[in-house]
Amino acid sequence: MKRLVTIQDISCFGKCSLTAAIPVISSMGVETAVIPTAVLSTHTGSGFSGYTFHDLTDDIPAIAAHWKKLELRFDSIYTGYIGSCEQIEVIKRFIEVFRTDETLVVVDPVMGDGGRMYPGFDNKFVTSMKSLCSIADCILPNATEAALLLSQPYDNNPCEGKIHEMLMCLTEQGCKTAIMTGASIDSSHNGAICYSKLENRFFNSFCENIDGSFHSTGDIFSSVVSGGLTLGMDLQSALDLAVGFTHDCIKATLPIREEQWYSVRFEPCLGQLSDACRDYFDDESRS
Ligand code: PXL
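All of the points below concern the structure found in this document. Just so we're clear, the structure is a prediction, and the values are computed from it rather than from any experiment.

## Considering the pattern of salt bridges
Between side chains of opposite charge, a pair can form when the charged atoms approach closely. Using the criterion set out here, one finds eight salt bridges in the structure. Across the pair Arg93 and Glu96 runs a salt bridge, and its minimum N-O distance is 2.8 Å. Separated by three residues within a single helix, Arg93 and Glu96 lie in helix H3 (residues 85–98), roughly one turn from each other. For Glu96, a relative accessible area of 57% puts it in the exposed group.

Set out below in structure tokens:
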């Protein structure tokens with residue numbers, strides 16, 4: 001069985017970060033270990049105020065040391081929301097220690113959306129995140145995060161050529177594959193555009209656009225891509241699965257949008273996600 005470790009916060013209420021990544025990746029048939037970077041009462045997105053934040057940076061080296069003693073190995077390491085520059089340094093060290101030639105390292109550089117940084121982040125954090133992205137195999141910024149990583153002004157409607165240029169520049173910073181999430185080439189579609197430096201080619205995956213902004217969809221998308229690549233899917237298949245699943249989750253949310261304003265209703269969609277991965281994990285159990 002493939003084994004992934006995801007490093008991100010646990011927002012106790014709000015269905016993002018770990019409370020989205022664990023059910024999504026587990027349902028794909030990938031064993032999901034975690035290192036929580038912080039415990040928050042809710043996510044920091046608009047709509048919640050007064051959230052608590054308990055930093056867990058000091059626990060990470062102790063967890064890593066114990067795991068090293070146990071000789072644990074991971075097929076992939078996937079990072080999401082990280083609370084501080086210091087924590088990024090600790091996570092880089094974790095990657096250095098646990099990475100082998102076969103390990104896939106996926107970094108979702110969670111920093112903002114809609115042209116704005118999330119509360120608590122600043123330019124120094126962006127510089128730190130750039131250094132984490134430079135050692136990743138695959139990064140998944142949205143348009144806001146891509147602009148931050150490239151020190152460019154945010155463009156809320158970049159054309160395909162500009163997105164291609166941004167993705168190529170991102171890979172020049174060190175990662176092998178850059179995926180822009182929430183990207184489209186026309187207003188009736190939404191999905192992801194990807195550049196693979198190793199193959200020197202672009203990949204697109206789109207579905208019909210649903211108007212509005214849906215919290216947690218970035219975490220869900222990155223979780224599916226991470227799980228899919230860990231299972232051995234090619235890039236196009238992992239992107240198509242992530243775009244389709246995220247779209248299904250948004251569609252499932254629409255009838256109860258007001259009640260689920262803080263996230264998406266991914267729960268009824270997990271069975272289908274599991275079915276879509278069955279060939280990959282069934283193959284494993286036969287081998
Ligand atoms: O969904 C990304 C995310 C993860 N974790 C926390 C957040 C956010 C986005 O707002 O606040 C704590």
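## Regarding unusual backbone geometry
Here Asn200, not a glycine, exhibits a phi torsion of approximately 50°, which is positive. Its place among the elements puts Asn200 in the loop between strand E10 (189–196) and strand E11 (201–208). Here Ser216, not a glycine, exhibits a phi torsion of approximately 80°, which is positive. By the secondary structure assignment, Ser216 is in the loop between E11 and helix H7 (217–231).

## Section: the site of the ligand
The full set close to the ligand counts 13 residues, and Asp9, Thr44, Tyr81, His215 and Asp219 are the nearest of them. In the model, a nitrogen atom of the ligand is placed 2.8 Å from a nitrogen or oxygen of the Asp9 side chain. Between the ligand and Thr44 there is a distance of 2.6 Å, counted from an oxygen atom to a side-chain nitrogen or oxygen. In terms of residue class, the shell around the ligand is made up of five nonpolar, six polar and two charged.

## Here we look at the packing of aromatic side chains
Summed over the entire model, instances satisfying the criterion amount to twelve aromatic pairs. For the pair Phe48 and Trp261, a centre-to-centre distance of 4.8 Å together with 50° between the ring planes defines the contact as tilted. With Phe48 in the loop between strand E2 (31–42) and strand E3 (53–55) and Trp261 in the loop between helix H8 (235–253) and helix H9 (270–286), this residue pair connects regions lying 213 residues apart in the sequence. By relative accessible area, Phe48 is classed as buried at 16%. Ring plane angle 40° and centroid distance 6.2 Å describe the contact between Phe48 and Tyr262, whose orientation is recorded as tilted. Here Phe48 is found in the loop between E2 and E3, whereas its partner Tyr262 is found in the loop between H8 and H9, with 214 residues between them in sequence. Of the residues examined, Tyr262 reaches a relative accessible area of 11% and is grouped as buried. In this structure an aromatic cluster arises from ring pairing among Phe13, Phe48, Trp261 and Tyr262. We note Lys68 situated over the ring of Phe98; from NZ or CZ to the ring centre the distance is 5.2 Å. A cation sits over an aromatic face here: Arg257 above Phe214, 3.9 Å from the ring centre.

## Digging into the sheet that holds E11
With respect to topology, nine strands assemble into an open sheet ordered E3-E2-E1-E4-E5-E8-E9-E10-E11, the strand pairing being mixed. The two strands at the open ends of the sheet, each matched to only one other strand, are E3 and E11. Inspection of the sheet shows E2 paired to E3 by three bridges, in the antiparallel sense. Bridged to Val39 within E3 is His54. The strands touched by helix H1 (residues 17–27) within the sheet are strand E1 (3–13), E2 and strand E4 (76–79), with E1 carrying the most contacts at an inclination of about 140°.

Rules used in this analysis
- Residues numbered from 1 in each chain as written.
- Predicted model: local features only at pLDDT ≥ 70, side-chain atom pairs only at ≥ 80, totals over all residues.
- Heavy atoms only, no water.
- Salt bridge = Lys/Arg side-chain N within 4 Å of Asp/Glu carboxyl O.
- Helix = DSSP H or I, 4+ residues; strand = E, 2+ residues; numbered from the N terminus.
- Buried < 20%, exposed > 50% of the residue type's maximum accessible area, 1.4 Å probe, protein only.
- Near = heavy atom within 4 Å.
- Polar contact = N/O pair within 3.5 Å; in protein donor to acceptor, adjacent residues only side chain to side chain.
- Nonpolar A, V, L, I, M, F, W, Y, C, P; charged D, E, K, R; others polar.
- Phe/Tyr/Trp six-rings, centres within 6.5 Å; stacked < 30°, edge-to-face > 60°.
- Lys NZ or Arg CZ within 6 Å of the ring centre and 35° of its normal.
- Pairing = 2+ DSSP bridges.
- Contact = heavy atoms within 4.5 Å.
- Axes fitted to C-alpha atoms, helices over the stretch in contact; angles between N-to-C directions.

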